[in-house]
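# Observations on the model geometry
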Amino acid sequence: MKKNVLVVLLLILSLGFVLAENHTEESSVETGDGFDDEIYEGYEDAELQESAGLKHGDAFYFIDKFFDRFGDELTVKEERIAEIKELIEEGDIEGAKEVLKDYMELAQELEREIDPDRREDALRSAAAIRNAMKDIRDQLPPGERGRFVSDIISQEHSIALAAEIASKIRDLCIQLAELDPLEYSRMCRTNEDAPKWHRDLDKDLSEEQEKIAREFVEIMKECFETSGQDCRCDDIPFPEFANACSEAAPLAVACDIDGDERACDKLDEIDMPDLPEWLEDVWEELEEGMMEAQFDMHMPRECVESGVTSPRECGIIMIQTHAPEECKEALLAADVQNERDGREICEKIMMELHAPDCAREGITSPRECGEFMESFRGGEFRDDSGFRHRIDFDCRAIEDSLERLDCFDKASSQAEGFGGFADDYVGNCLTGRDMENRKNECMSYGDHSGANPIYGDSGEGYECIVDIQCVDYSQGGLNFDDIKEREIMCATNCEAKGGRWDFSYGDCQCIIDNYEDYGKEEYIPEYQDYPDKYDEEYLQEYQDYPTEEYIDQPPPEYDDGTGGSEETNDGGATTDSESESSSEPEPEPSSDGITGNVFLDYMYR
């Protein structure tokens, strides 16, 4: 009796285990194997649109398979599923397994190559196949349900996700191609292993960016040839390119028409936008013509004094005069013909000497080195211009499909935000209308006004434009609040020295009557490069008052960083003799930095 009871108990436990297993499998399948079904919204009732046609085992089946090679992949995929469904309904499980192999091979290739233009078709097809597999689940032996149901549903979900990701990549790349070639290069450039649709898109977008780069150079040449009077900066779609043009235009007018040497020097120091490697050959091809146009308008003072007349000869003079000491010998020995080659040589040398961590990583660009070093601090590198459109995400390195899709979704939203969100957007970022209104407000300041984007937290895991700051390109790209404050600081210091002041192009110049002009280095040694070092109390004391009120007042007791005061013993302004004796000849250029338009703004100062 006890033995019979034990047998019954074992049978009940076994039956419970089988039921639990079947329930688990059924729950898993019915819920889509745990997949997120949101992407199938609108296709919940989708059905197969293709029939089986010839099936495995038919005499002419091999002919049907041959012509499938030239058919639409989504159509052929559904035909294979229809075949599997009919074979299972007929009880031919072994025949269905053979067709399943063909389906998996086709589906995996489709997952790699799915065109974003077929996104809707791919989602509908995936939803229809999911429904078909659920319909035949109960007709399969329990041991075959995972192979035919779960595996096929999983593969279809991968295709659906791949279509979504491809669509996001396409949208992001189109946005970046219109915004920033550097970011486009980082996020969207392809190789031979990329899907065909992506290679074709990259080819088209790259050709368009090359066209824009060529147009930029032609616009800049025209700008220099007309002495800044005909500069079609608004016709340049890339923001950083347009900003460089807007900054050059007023300086070219002041340099060539007004004869202002300081404007000429400022023009020589303007940085042209950085370009990705794949565009550098185009830039090198075009750069010489643009430089010749600039030199025809204005040759750097050092070259004029040396009596040279060609850009190449001027380049040698600029190397001898301004290149870092560490680079001069190598640059002259290499007989560099353009700025790009000179930068590569000098940057490599400076990296090895001053940034060994970057050199060990094979990094030769100061910008990339800045990004590399900033990564250790968990921050984000952005150059001083404030116009770096940096995407915060590196989506291509993410293996998980759902995480990669989320990453591209955020990256696409961030790229969209650089141009302003839709007017019904609610969040921290500026809408398109907000940005347009702020830009128009900036333009009201004058012909040389510009709009500098201010970046901040979107509240959604990335940065976006949260404000627009108005700047004046004729004053070195300073914003108007800074111009006012710095003009007051300049006026106060210069008048305290008994001279007049000039704040053109963002540089403070003290002018002592009957003597040569004294630059900002003479009186305000840290003013231009380190404005934050000025005493806040001092700034607040003077910024709200008209400059004229301070002309007759004694100079303020303010440490300008020189370690002493230039006041006379009686507290008055310096005398002419004192000013003359205190003036020092301009120091010889050192390896601290370089100026001019041949080699610009190295990081090592």
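Here, every reference points to the structure presented above.
Read on for an overview of the structure. (Residues numbered from 1 in each chain as written. Predicted model: local features only at pLDDT ≥ 70, side-chain atom pairs only at ≥ 80, totals over all residues. Heavy atoms only, no water.)

### Comments concerning the overall build of the chain
- Tallying secondary structure elements over the chain gives 23 helices and six strands in all.
- Taken over 605 residues, the chain has a buried fraction of 46%.
- In the chain, once contacts between residues fewer than 6 apart in sequence are set aside, the share between residues at least 24 apart is 61%.
- When the accessible surface of the chain is split by element, carbon and sulfur atoms take 46% of a total near 31700 Å². (Helix = DSSP H or I, 4+ residues; strand = E, 2+ residues; numbered from the N terminus. Buried < 20%, exposed > 50% of the residue type's maximum accessible area, 1.4 Å probe, protein only. Contact = heavy atoms within 4.5 Å. Areas by Shrake-Rupley, 256 points an atom, 1.4 Å probe, with all protein chains shown as cover.)

### So, the sheet that holds strand 1 (residues 449-457)
- One open sheet holds the three strands; their spatial order is 1-2-3, and the pairing between them is antiparallel. Single-partner strands in this sheet number two, and they are strand 1 and strand 3 (478-479).
- Pairing between strand 1 and strand 2 (residues 463-472): nine bridges, direction antiparallel. By the bridge assignment, glycine 456 is partnered in strand 2 with cysteine 464.
- Across the face of the sheet, helix 19 (residues 432-443) comes into contact with strand 1 and strand 2 while running at roughly 15° to strand 2. (Pairing = 2+ DSSP bridges. Axes fitted to C-alpha atoms, helices over the stretch in contact; angles between N-to-C directions.)

### Some remarks on the pairing of strand 2
- Taking the residues between adjacent antiparallel strands as the criterion, strand 1 and strand 2 are bridged by five residues, where glycine 459 takes a positive phi near 85°.
- Pairing analysis gives two bridges linking strand 2 to strand 3, with the strands arranged antiparallel. When the bridges of strand 3 are listed, aspartate 472 appears paired with leucine 478.

### Side note on the environment of proline 239
- On the secondary structure map, proline 239 appears in helix 9 (residues 239-257).
- Note on proline 239: relative accessible area 24%, which makes it partly exposed.
- When the C-alpha positions of proline 239 and glutamate 178 are compared, they lie 9.2 Å apart, and in sequence the two are 61 residues distant.

### Remarks on the state of the cysteines
- This structure, assessed with the given rule, holds 11 disulfides.
- The disulfide that involves cysteine 442 links it to cysteine 470, with 2.0 Å between the sulfurs. Around the S-S axis, the bridge from cysteine 442 to cysteine 470 shows a dihedral of about -85° and counts as left-handed. Of the two residues, cysteine 442 sits in helix 19 while cysteine 470 sits in strand 2, which places them 28 residues apart along the sequence. Cysteine 470 shares its class with cysteine 442; the two are buried. (Disulfide = S-S within 2.5 Å.)

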